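Here's the letter readout for the chains.
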Amino acid sequence: MADPRALFDLTGKVACVTGASAGLGRQAARALVAAGAKVVGVARRQSALEEMQAELGGGAAYVVADLAAGEAANDLARAIAAPFGLPDILVQAAGINTRQAADDVTPEGWDMSLALNLTAPFFLAQALVPAMREKGWGRIVNFASLQTTRAFPGGIAYGATKAGIGQLTRAMAEAWSNSGITANAIGPGFFPTELTEAVFSDPERATRNAAQTCIGRNGRLQDLDGPLLFLCSDASSYVTGQVLMVDGGFTAK
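Description of the structure in this document. Nothing here was measured: the structure is a model prediction, and the numbers come from that model. (Residues numbered from 1 in each chain as written. Predicted model: local features only at pLDDT ≥ 70, side-chain atom pairs only at ≥ 80, totals over all residues. Heavy atoms only, no water.)

Description of the sheet that holds strand E7 (residues 243-246)
Judged by pairing direction, the sheet is parallel, and its seven strands sit side by side in the order E3-E2-E1-E4-E5-E6-E7 without closing on themselves. For this open sheet the edge positions go to strand E3 (60-64) and E7, each flanked by a neighbour on one side alone. With direction set aside, neighbouring strand axes in the sheet form an average angle of 20 degrees. Note: strand E1 (residues 14-18) against strand E4 (residues 89-92), four bridges, orientation parallel. (Pairing = 2+ DSSP bridges. Helix = DSSP H or I, 4+ residues; strand = E, 2+ residues; numbered from the N terminus. Axes fitted to C-alpha atoms, helices over the stretch in contact; angles between N-to-C directions.)

See the structure below:
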């Protein structure tokens, strides 16, 4: 039997992580570099990306891009490939939650949510898949949400895009997995990030959310590492089209 630890070894792999400037995207970059991958982070804020690169050292590089602006995916793919070559792994953690009630949703907020949370993940994957197909190996990990299956107040635009991510992930698997490319999604529960600052700044609300999990606490950033490395490595070679909820059992209750 082969060493099971080798299943999670990403030495020699190149990964692209969107939303790598903070939160779960930054944590994903940390985990991938620790597992041996070279990582290119993509986000809007250059200063935050510089901090990421300084933290992770020579195993990391970055590209400054506004994914919501509809930048040409093929041009972005070339920029991502410049430091280490075209990626074997694509982790799509960039996202926005406008937190607008249904009656207050604006066309601008709706369009921005769709552009960043749903449109960009598809077209960036589409641009990077040919190189993965040529190698016969690739991993796409999208970021779903509790709102992929649950309706939350103020989350109609965000929830619609995250429900779309669930179906997008299944459709990616159907389209590309026969070429050795798996497509899965992680559905995080409540983790302390910039996106959930409104939740964690209210201790009563954070405590209430923790009580709704089976485990009895909210997420810690390191709780992401194992599931992410599983989906990005050979350990998950026969897993595709799935949404893995990393939520402490929130959606089980």
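Next comes the rest of the account.
Focus: the environment of Thr161
Assignment of secondary structure puts Thr161 in helix H5 (residues 156-176). Taking C-alpha positions, Thr161 is 9.1 Å from Thr119, a pair spaced 42 residues apart along the chain. The contacts of Thr161, once residues within four sequence positions are left out, are Ser113, Leu114, Asn117 and Leu118. Polar side-chain contacts of Thr161 include one of 3.2 Å to the side chain of Asn117. (Contact = heavy atoms within 4.5 Å. Polar contact = N/O pair within 3.5 Å; in protein donor to acceptor, adjacent residues only side chain to side chain.)

Geometry only, nothing functional implied.
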